[in-house]
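Read off the chains here:
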Protein chains: 4
Amino acid sequence: MPLRDGRFERSLDEAMRRLNASIPFDRRLHAEDIRGSVAWARALRRAGLLDDAELGRIEKGLEEIAGEIRGGSFPFSEELEDVHMNIEARLTEKIGAAGEKLHTGRSRNDQVATDLRLHAREAATRLAALVEALMGALVEVAEREFGQVIPAYTHLQRAQPVLLSHHLLAYVEMLDRDTRRLRAARDAADLCPLGSGACVGNQFGIDRDFLARELGFAGVTRNSLDAVSDRDFALDFLHAAAVLMVHLSRLAEDLVLWSSAEFGLARLDDSVTTGSSMLPQKRNPDAAELARGKCGRVAGHLVGLLMTLKGLPLSYNKDLQEDKEPVFDAIDTLDLLLPVFAAMVRTMAIDSRRTAERLEGGFLEAIAAADYLTRRGVPFREAHRIAGRAVREAEKRGVTLAALPLEAYRALCDRFEEDLFEAISTDGALADKTVVGGTAPARVWEEIGRWKVELGRRGGGRSAAGG
Amino acid sequence: MPLRDGRFERSLDEAMRRLNASIPFDRRLHAEDIRGSVAWARALRRAGLLDDAELGRIEKGLEEIAGEIRGGSFPFSEELEDVHMNIEARLTEKIGAAGEKLHTGRSRNDQVATDLRLHAREAATRLAALVEALMGALVEVAEREFGQVIPAYTHLQRAQPVLLSHHLLAYVEMLDRDTRRLRAARDAADLCPLGSGACVGNQFGIDRDFLARELGFAGVTRNSLDAVSDRDFALDFLHAAAVLMVHLSRLAEDLVLWSSAEFGLARLDDSVTTGSSMLPQKRNPDAAELARGKCGRVAGHLVGLLMTLKGLPLSYNKDLQEDKEPVFDAIDTLDLLLPVFAAMVRTMAIDSRRTAERLEGGFLEAIAAADYLTRRGVPFREAHRIAGRAVREAEKRGVTLAALPLEAYRALCDRFEEDLFEAISTDGALADKTVVGGTAPARVWEEIGRWKVELGRRGGGRSAAGG
Amino acid sequence: MPLRDGRFERSLDEAMRRLNASIPFDRRLHAEDIRGSVAWARALRRAGLLDDAELGRIEKGLEEIAGEIRGGSFPFSEELEDVHMNIEARLTEKIGAAGEKLHTGRSRNDQVATDLRLHAREAATRLAALVEALMGALVEVAEREFGQVIPAYTHLQRAQPVLLSHHLLAYVEMLDRDTRRLRAARDAADLCPLGSGACVGNQFGIDRDFLARELGFAGVTRNSLDAVSDRDFALDFLHAAAVLMVHLSRLAEDLVLWSSAEFGLARLDDSVTTGSSMLPQKRNPDAAELARGKCGRVAGHLVGLLMTLKGLPLSYNKDLQEDKEPVFDAIDTLDLLLPVFAAMVRTMAIDSRRTAERLEGGFLEAIAAADYLTRRGVPFREAHRIAGRAVREAEKRGVTLAALPLEAYRALCDRFEEDLFEAISTDGALADKTVVGGTAPARVWEEIGRWKVELGRRGGGRSAAGG
Amino acid sequence: MPLRDGRFERSLDEAMRRLNASIPFDRRLHAEDIRGSVAWARALRRAGLLDDAELGRIEKGLEEIAGEIRGGSFPFSEELEDVHMNIEARLTEKIGAAGEKLHTGRSRNDQVATDLRLHAREAATRLAALVEALMGALVEVAEREFGQVIPAYTHLQRAQPVLLSHHLLAYVEMLDRDTRRLRAARDAADLCPLGSGACVGNQFGIDRDFLARELGFAGVTRNSLDAVSDRDFALDFLHAAAVLMVHLSRLAEDLVLWSSAEFGLARLDDSVTTGSSMLPQKRNPDAAELARGKCGRVAGHLVGLLMTLKGLPLSYNKDLQEDKEPVFDAIDTLDLLLPVFAAMVRTMAIDSRRTAERLEGGFLEAIAAADYLTRRGVPFREAHRIAGRAVREAEKRGVTLAALPLEAYRALCDRFEEDLFEAISTDGALADKTVVGGTAPARVWEEIGRWKVELGRRGGGRSAAGG
């Protein structure tokens, strides 16, 4: 163990060695680590701590190592603890003394913070594009199925008629907030901590702005003690991921409901449903259920990291090694789920016959009947009571509100007239929701158009994500 | 129960009534609810659904109600379920039929979303100012104690000398990120959902932009189904609060450590410490401990609300009633804690004798000894090993590195010369950390100045928060 | 402030006083605190630290205080910080010097641990009885509706026919595990920490076994440092509560689904459903939704307390003051919810017409068709494929499996015979599930009987809980 | 894909296939899966669904497969989704039609529940033994260092003198509760769900008691719908793991503090400490920090699974696939940590010189001074005030309470006499804590003996865990 040569008399306990080794998961940061080391070597050259020849050897050696890792031939070793020491040790093996100079003025504390920020930054950008691809799929179906009417639900009780497209666009709104949250997480990661040393700042006057530029960071961190122990960017990323998972879990729930025999509003495609090992008839919406289930996992990661950070004194503590796995797992979870959701949405078939049936039960017309009275001067609370009695009457007779005869209405309130029935029709109920955010067809069509332009402007999330 | 008159035959079960009643906690929203109702009534007037006289009666009635609530004479009733129905019923009691018109075209779904957004928006703004007041206290002490040197710790092991001011400014950086997170949460809340109805949008062409302006919102939500069920702004607020609590818990841990007999770096003032019911000598840092303990509470609220939202189908579900208490409790927790932290920081006394003693043990000079060699061309890894052996040697002899004789150093490496001892002095170790974010005194002094200007520019967080 | 008279020169900061005061929530422990103080005074008498007259005055004084609190006249004061000091100060006010002797050899650290254990112990017992009352309601409905057949769902897809009673008994099993978990939490609380002092044990040889007997504890804790800082019993209680909430949330989800228009299997009673402020027709399953929503709250409390306890050094730290509110809130949540659930279950009406309809779609007979072949020697995997093709064929023709003609079956496999149709009937599908835990009617009837006996034996949970 | 042959027309989407595949993590259950399949085949034989030759081929085939997996030659395939289908497909490949009969009357739903219960049961047993090994190490050090006195801390302020052994035994108490919690989790897992089918029970009258006996379960589950969807045993396991992690985090915190230069009470061995990549002098307590950090991870798993389970309708839903990884990771975390903790405790060196120094500051004698007066009839509250003033006086003079002259005491209260100084000596303060759980040396020695006997009786946790 290179770091034990000077200070320690006894070697590391074997169980301790395994506990301490982060290489099984932090090897994932190899590209960022090499990129950071190249930038560091160049900064050392500028500070006069390396000469041109040494810099050349380091750059060439790191390039070879990158190739070995990509090719699968790199000899990762648990003995060397982590990705940083694995790469540094291999470099020294390859190029000798120049390799022993690479870590001058640097600490793993600022090094790993840099690596993880680079990784989180890239992931946030990629995931935002995948979210936009899913938004694109939703908008596409909203356009394709424009005109389909379903019940809007509150409390899972049918409430009022709504355009299916309006329902789908609700998820586009949610997901759009997720893209903003992911970009805020990206920005939180976008400051360069390299040059903070172990905790009090670099001692060789290294050019930190140069480092930031080399690594594409928007700027540098401004306090070394904070820089080596700040994991807010990881928390922000996990928060963005957890809220996104909540949204996917809600969409998942709707899809599970819609594809049940009872709702029957949508049929998921064969390509995203699975069978049962026992029951031959089953077509299960596994992708949706997995998304719903994985919501717990990601929220668990968020609270887990909050707990890890609680009560840590300044500055770096080894507890911080627990920052990586939750972030990696959240990334992997979303990288897997988002394309499946886009495929699931795009390929689902809407059953027009069932959507129509669903509008008949549930007395969706009740509020329109109350509004009819309100428009004729009856105070709303009174109109609400009268419409409630009409529902009770219709329920007793086993008919819909549309089928309840006018005299039954007039027995409750004499302001009801024949034009009531037009007012409480589905078309009537849709047409008057003309406010911004309402389900009037013209308004929804406008929103579809707005989103198509907006998503196009963002560079076509769909193609960006290879959808 | 006004809402049961029409549709229901049997009255509510008593236990159910208690379960369902949110008035014990949502009464807190009374001011926002009244403000929203005034705006709503004005919008109804513009839409021709009220006449001037009715609007006048409603505005006057609501004003009286606001007075009754402030004065403690308002007859809150669990029978009336929530703050919305309590106020509406009282209004009708006062002004008759016009009161029954107030809820025309509105639902409690868009109403409560509006109330909570107003409340969260204001709290986020106020808490950000309180955070800035705490930042101000830290900067004040950083300036007052400029020149004090303490060990910087990693792994709670002494690492290198650092200015106390630099340590305090690390927290200023953390807290500054908190103000940004709180302001992002504020912005997330700053869209007006009113006019979304129960779920499909207002049916009377109400002017939603007018509503937004009346209530000081930056804009309107764009999808009614989303608007009545979106609680992202509450999650964002709780995330901001939870991360802030993590930062306070870290500062708390440092204060608990510093005020222990063992560290002895700081003495908390009598006014923020407490005694023991049994042990007469105790001066306990309760405020710091409570902050550390309350971190769990707020993080628990965040994950609790994430769980509540998981898997809810569109649109509004009663589960959402669980959104308020965690937000309220997070607000109250921070409203209590932040001023105490500012007082605790501002009044703490630093023990200069102890800070000096703390620098002597722990071999803080080791890296400077390695750097000495590095500057003389020894590759860093070799220099690191040599310095490690010097530490082992000093430890065996029971002396500090400064007291280890030159020949002992030269036995390890012949490049050590007499000027070593200046290089490894505390002043030397501070002076070369000149990079941005480093602990060199000039650099830290510059940061203190930068923060004073910045906090002044923000309107003097301290006075804003009444500190 | 009585505890500050000796050691402190300056008084407590006002904000600090409010932060520090636990009286707003720990006053709830008044009965336990008084009970503990009576026991303590008796133990002091036995140790010779009080005389008979002093003990008499203390007992009488505490009794009066209990009366004042019950009667609402007790002058609770935030100045006095907590319930312990409030009661002690009032006692001294009433009886003079004997009151100043009560706290001899005791600390609030062992006192509050005792109070909270008593409170948690009683709550766990009461809640277990309330859970049993809910189990009783489920068994009652299982008996009443015996014979009703519904689809069993997996993935919310119809899977196989099942007795409704069997479905209800699944929840009885879950809830029974909850009673065991609550009783384990009760046992965890059932050790007496009193006599542990501030942290190292009582110094007057107090009789701890006597204290345990007086307070009805099963025994005494065995290490004073652990005794004053152990909150495992609170974690165990919160775990039991959180898992119970998960179970209620699952039952809630089933009830929300069943009472939707789409499923239509059950109608919740008027007495446990609520209306909408806007939509006149709504009958919302609020109680079920609130239970589902409150699951997050209780799980949040559990993880919050885990976080609070993380990383605390021995022994007592003020962070532990955060132990009470989550426990109290979990108790209150369940005290509210459980009786409503029992009422909701007991009063729900099953719609026999809809249950029958639900069996027709979904190809529930598919596995029976595969089994038919299996019994005739076809390897199961082959039979599974053949039955899957039969489903596809029926789906194409738009018929049920029962309506698919024999020749269509025989085209897939020539071992199908006329008796197939009896084998795949609903009665047939129920009858062969005779294993323990299966849905064969005789088996389910037996389970209903077993539970009636078992719940009767436990003292009639229903009546115990006042159901 | 074998399960898609019958019902599905289109193949699975590639991204969906990857999302759905659990083989990357559930392959870990291979031994349990094979064990369960052998038991199942035997039960099929008893039910007449296999003949002897078929059973023989299945048993032989499964045995070969077990060998292939152990030897690393088994061709795991993501195409085959999970460990169950991988093994079944390989079996059929090996032995033909008999393999296609293995899944008769079984579902993956009851199969995977059985596998995971077997896995959790074994892990809980093993981990309990590892906890006992750690208890053994603590008792060993408590015996070895008997007589060392350190300050007991409350609020991290020195409170009273305590035996180091007493402090270590506090952790033995905590860990003992963990063994009970682990065993309760074991018992929760110890019921056999096999024979519950997909959800309504086995249709061939399989002998479930036979299955339970074959697999060593204590009994069978009693409701099929519950059996396939119950994950309480996983929650109980995660709760036990999370509380254990809290305890380890507390011990970790104490070790981090003790090994700091400031406390200096203990020195961790080279074999469990690590160096810094930058600072040559560092000896970091990484193992302790990692344990503290990993507390968040395990608590995150618990709350994650609670969230996953929230609101799932009966019975099996694919969300439940998320049950395995948190359990596996909690097992691996503890399997790694516990032996390192035992090694860390056993090898730590106590610094007697420092322990003695630590007793001098902090006015630990104050309560003994108050008790001195109490024993002479001064009411405790008055004695507490007087002792507090003595502390203030000593602090002003810069002396310890032992060094404060008698006249200074007598100026505060004339009942102080010369024998005060013996009463407030460290020996005196230890000697009178004779109650059960107190730190009087004889009492602590008795506890050490009790634990040695108890741990011996449990089969020598230490050797059981290979310590």
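Report follows, based on the coordinates. Just so you know, these numbers come straight off a predicted model, no measurement behind them.

## Side note on the overall build of chain A
Here is step 1 of the chain: A tally of helices and strands in chain A yields 21 helices and six strands.
Here is step 2 of the chain: In the structure as shown, chain A presents an accessible area of about 13400 Å², 48% of it carried by carbon and sulfur atoms.
Here is step 3 of the chain: Taken as two groups, the 64 positive and 73 negative side-chain charges of chain A have centres that lie 2 Å from each other.

## What about the relation of the copies chain C and chain B?
Here is step 1 of the chain: The two copies are related by a screw operation: chain C maps onto chain B through 180° of rotation and 0.0 Å of translation along the axis, at an RMSD of 0.1 Å. Seen this way, the second copy is the image of the first under a two-fold rotation axis. Of every C-alpha in chain C, the one belonging to Gly 300 of chain C sits nearest the axis of rotation, 2.0 Å from it.
Here is step 2 of the chain: Looking at chain C, 100% of its interface residues are interface residues in chain B too, so the copies touch through the same face.

## Considering the pairing of strand S2 (residues 157–163) of chain A
Here is step 1 of the chain: With seven of seven residues buried, S2 of chain A is to be regarded as a mostly interior element.
Here is step 2 of the chain: Linking two consecutive strands that pair antiparallel, namely strand S1 (residues 149–154) of chain A and S2 of chain A, is a turn of two residues; a positive phi of about 55° is found at His 155 of chain A within it.

## As for the relation of the copies chain A and chain B
Here is step 1 of the chain: Take chain A, turn it by 180°, move it 0.0 Å along the axis, and it overlays chain B with an RMSD of 0.0 Å.
Here is step 2 of the chain: The overlap is high: 100% of the interface residues of chain A also sit at the interface in chain B, so the same surface is used on both sides.

## With respect to helix H12 (residues 286–309) of chain B
Residues and elements named next belong to chain B.
Here is step 1 of the chain: Between its terminal C-alpha atoms H12 stretches 35 Å, which fits the 34 Å expected from 24 residues at 1.5 Å a residue.
Here is step 2 of the chain: Its maximal kink placed at Lys 294, H12 deviates by approximately 25°.
Here is step 3 of the chain: The element H12 is extensively covered by neighbouring structure, given that 24 of its 24 residues are classed as buried.

## What to know about the pairing of S1 of chain A
Residue and element names in this part refer to chain A.
Here is step 1 of the chain: With respect to burial, S1 is a largely interior element, six of its six residues being buried.
Here is step 2 of the chain: Here S1 pairs with S2 via six bridges, running antiparallel. Across the sheet, the residue bridging to Pro 151 is Pro 161, located in S2.

## Here we look at the interface of chain C and chain B
Here is step 1 of the chain: Each partner contributes residues to the interface: chain C has 64 residues there, and chain B has 64 residues.
Here is step 2 of the chain: Carbon and sulfur atoms supply 59% of the area that chain C and chain B bury against each other, a total of about 5600 Å² over both sides.
Here is step 3 of the chain: Applying the counting criterion to the chain C and chain B interface returns 10 salt bridges.
Here is step 4 of the chain: The partner of Glu 322 of chain C in a salt bridge is Arg 297 of chain B, and the shortest N-O contact between them spans 2.8 Å.

## A look at the pattern of salt bridges
Residues and elements named next belong to chain B.
Here is step 1 of the chain: The tally for this structure, following the rule as stated, stands at 260 salt bridges over all chains.
Here is step 2 of the chain: Where Lys 452 meets Glu 143, a salt bridge forms, and the shortest distance between an N and an O atom there is 2.9 Å. Of this pair, Lys 452 sits in helix H20 (residues 441–457) while Glu 143 sits in helix H7 (residues 108–144), placing them 309 residues apart in sequence.
Here is step 3 of the chain: Assessed through its relative accessible area of 41%, Lys 452 is described here as partly exposed.

## Some details on unusual backbone geometry
All names here are of chain C.
Here is step 1 of the chain: Looking along the chain, the bond that leaves Leu 314 and enters Ser 315 is cis, with omega of -5°.
Here is step 2 of the chain: In this structure, Ser 315 sits in the loop between helix H12 (286–309) and helix H13 (324–347).
Here is step 3 of the chain: Even without glycine at this site, Glu 81 takes up a positive phi of about 75°.
Here is step 4 of the chain: Phi is positive for His 155, close to 55°, though the residue is something other than glycine.
Here is step 5 of the chain: Mapped onto the fold, His 155 is located in the loop between strand S1 (149–154) and strand S2 (157–163).

## A word on the interface of chain A and chain B
Here is step 1 of the chain: Taken residue by residue, the interface counts 108 residues in chain A and 108 residues in chain B.
Here is step 2 of the chain: Summed over both sides, the interface between chain A and chain B buries roughly 9300 Å², with carbon and sulfur atoms accounting for 56% of that surface.
Here is step 3 of the chain: Sorting the residues of chain A by area buried against chain B places Arg 222, Arg 250 and Arg 381 of chain A first, and these three jointly supply 9% of that buried surface.
Here is step 4 of the chain: The interface formed by chain A and chain B holds 16 salt bridges in total.
Here is step 5 of the chain: With its nearest N and O atoms 3.1 Å apart, the salt bridge here joins Asp 232 of chain A to Arg 181 of chain B.
Here is step 6 of the chain: Taken together, chain A and chain B are joined by 55 residue pairs in polar contact (both at pLDDT 80 or more).
Here is step 7 of the chain: When residues of the side of chain A that touches chain B are assigned to their parent elements, the largest contribution, 13 residues, is made by helix H11 (residues 232–258) of chain A.

## What to know about the environment of Asp 230 of chain A
Here is step 1 of the chain: Within the fold, Asp 230 of chain A resides in the loop between helix H10 (224–229) and H11.
Here is step 2 of the chain: Look at Asp 230 of chain A and you get buried, because its relative accessible area is 6%.
Here is step 3 of the chain: For Asp 230 of chain A and Leu 309 of chain A, which are 79 residues apart along the polypeptide, the C-alpha to C-alpha distance reads 9.4 Å.
Here is step 4 of the chain: In this structure the side chain of Asp 230 of chain A is engaged in a polar contact, spanning 2.7 Å, whose partner is the backbone nitrogen of Asp 232 of chain A.
Here is step 5 of the chain: Side-chain polar atoms of Asp 230 of chain A contact the side chain of Arg 177 of chain B, separated by 3.2 Å.

## Thoughts on the packing of aromatic side chains
Here is step 1 of the chain: Applying the stated criterion across every chain, the model contains 26 aromatic pairs over all chains.
Here is step 2 of the chain: Ring plane angle 80° and centroid distance 5.9 Å describe the contact between Tyr 409 of chain B and Phe 421 of chain B, whose orientation is recorded as edge-to-face. Of the two residues, Tyr 409 of chain B is situated in helix H17 (residues 406–412) and Phe 421 of chain B in helix H18 (residues 420–423); the sequence distance between them amounts to 12 residues.
Here is step 3 of the chain: On the numbers, 5.8 Å between centres and 15° between planes, the contact of Tyr 372 of chain C with Phe 416 of chain C is stacked.

## Focus: helix H5 (residues 83–95) of chain B
Here is step 1 of the chain: Taking 1.5 Å of rise per residue, the 13 residues of H5 of chain B would be expected to cover 18 Å, and the 18 Å separating its terminal C-alpha atoms lies within 8% of that figure.
Here is step 2 of the chain: Those residues of H5 of chain B lying buried are Val 83, His 84, Met 85, Asn 86, Ile 87, Glu 88, Arg 90, Leu 91 and Ile 95 of chain B.
Here is step 3 of the chain: Next to the buried residues of H5 of chain B lie helix H16 (380–397) of chain A together with helix H2 (23–26), helix H3 (30–46), helix H4 (52–71), helix H6 (97–101) and H7 of chain B.
Here is step 4 of the chain: Two or three places before His 84 of chain B, at the opening of H5 of chain B, Asp 82 of chain B has a side-chain oxygen 3.2 Å from that residue's backbone nitrogen.
Here is step 5 of the chain: Looking at the residues trailing H5 of chain B, positive phi occurs at Gly 96 of chain B, about 75°.

## Focus: the nonpolar core
Here is step 1 of the chain: If you look at the biggest cluster of nonpolar residues, it comprises 523 residues, and the most contacted ones within it are Phe 237 and Trp 258 of chain C together with Phe 237 and Trp 258 of chain D.
Here is step 2 of the chain: Excluding residues that lie within four positions of it along the chain, Phe 237 of chain D makes contacts with Ala 120, Ala 123, Ala 124, Leu 127, Leu 182, Ala 185, Val 327, Ala 330 and Ile 331 of chain D.

## What about the side chain of Asn 20 of chain D?
Residues and elements named next belong to chain D.
Here is step 1 of the chain: Relative to the elements of secondary structure, Asn 20 occurs in helix H1 (residues 14–20).
Here is step 2 of the chain: On the basis of relative accessible area, Asn 20 is assigned to the buried category, the value being 1%.
Here is step 3 of the chain: Polar contacts involving the side chain of Asn 20 include one to the side chain of Lys 318, which spans 3.2 Å.

## Concerning the state of the cysteines
Here is step 1 of the chain: Considering all chains together, one arrives at zero disulfides over all chains under this definition.
Here is step 2 of the chain: Between Cys 192 of chain C, a free cysteine, and Cys 199 of chain C, which holds the nearest cysteine sulfur, the sulfur-to-sulfur gap is 17 Å.
Here is step 3 of the chain: With no disulfide of its own, Cys 295 of chain D has Cys 295 of chain B as its nearest cysteine by sulfur position, at a separation of 13 Å.

## Description of the side chain of Lys 433 of chain C
Here is step 1 of the chain: For Lys 433 of chain C, the position within the fold is in the loop between helix H19 (426–431) and helix H20 (441–457).
Here is step 2 of the chain: Of the residues examined, Lys 433 of chain C reaches a relative accessible area of 4% and is grouped as buried.
Here is step 3 of the chain: Within polar-contact distance, the side chain of Lys 433 of chain C engages the backbone oxygen of Ala 429 of chain C at 2.4 Å.
Here is step 4 of the chain: Ignoring sequence-local partners within four residues, the contact set of Lys 433 of chain C consists of Gln 160, Gly 438, Thr 439 and Ala 440 of chain C together with Val 200, Gly 201, Asn 202 and Gln 203 of chain D.

Parameters at a glance
- Sequence order as written defines the numbering, with residues in each chain counted from 1.
- Here every chain gets a letter starting at A, and every ligand a number starting at 1, in the order they are written.
- Residue-level local features of this predicted model are given only where pLDDT is at least 70; pairs of side-chain atoms are given and counted only at 80 or more, and the full residue set underlies all totals for whole chains, interfaces and linings.
- Side-chain descriptors were evaluated using all non-hydrogen atoms of the structure, hydrogens and water having been removed beforehand.
- We count a stretch as a helix when DSSP gives it H or I for four or more residues in a row; a strand needs E for two or more, and each element gets its number in order from the N terminus.
- Where accessible areas are quoted, they stem from the Shrake-Rupley method and a 1.4 Å probe; at the residue level, only the protein chains shown are allowed to cover.
- The sign given to each residue is positive for Lys and Arg and negative for Asp and Glu; His and the chain ends receive no count.
- Charged groups are reduced to one reference atom each: NZ for lysine, CZ for arginine, CG for aspartic acid, CD for glutamic acid.
- Alignment of the copies relies on least squares applied to C-alpha atoms, considering only residues that score at least 70 for pLDDT in both.
- Only heavy atoms enter the contact rule, under which two residues are in contact if any of them lie within 4.5 Å.
- When a residue's accessible area, from a 1.4 Å probe over protein chains only, is under 20% of the maximum for its type it is buried; when over 50% it is exposed; and in between it is partly exposed.
- The pairing criterion is simple: DSSP has to find at least two bridges between the two strands.
- The span one expects for a helix is its residue count, reduced by one, times 1.5 Å.
- Fitting one axis to the seven residues ending at a residue and another to the seven starting there, the bend at that residue is the angle between the two axes.
- The term buried area means the drop in 1.4 Å probe accessible area that two parts suffer when joined, counted for both and summed.
- Counted as salt bridges are all cases of a side-chain nitrogen of Lys or Arg within 4 Å of a carboxyl oxygen of Asp or Glu.
- For this analysis, a polar contact is any N or O atom pair within 3.5 Å, provided that within protein one partner can donate a hydrogen and the other can accept it, and provided that sequence-adjacent residues contribute only side-chain to side-chain pairs.
- Stacked, tilted and edge-to-face pairs are distinguished by plane angle, under 30 degrees for stacked and over 60 for edge-to-face with tilted covering the rest, among Phe, Tyr and Trp rings (Trp via its six-membered ring) whose centres lie within 6.5 Å.
- For the purposes of this section, nonpolar cores are sets of buried Ala, Val, Leu, Ile, Met, Phe, Trp, Tyr and Cys residues that join through side-chain atoms within 4.5 Å.
- We call a pair of cysteine sulfur atoms a disulfide whenever their separation is within 2.5 Å.

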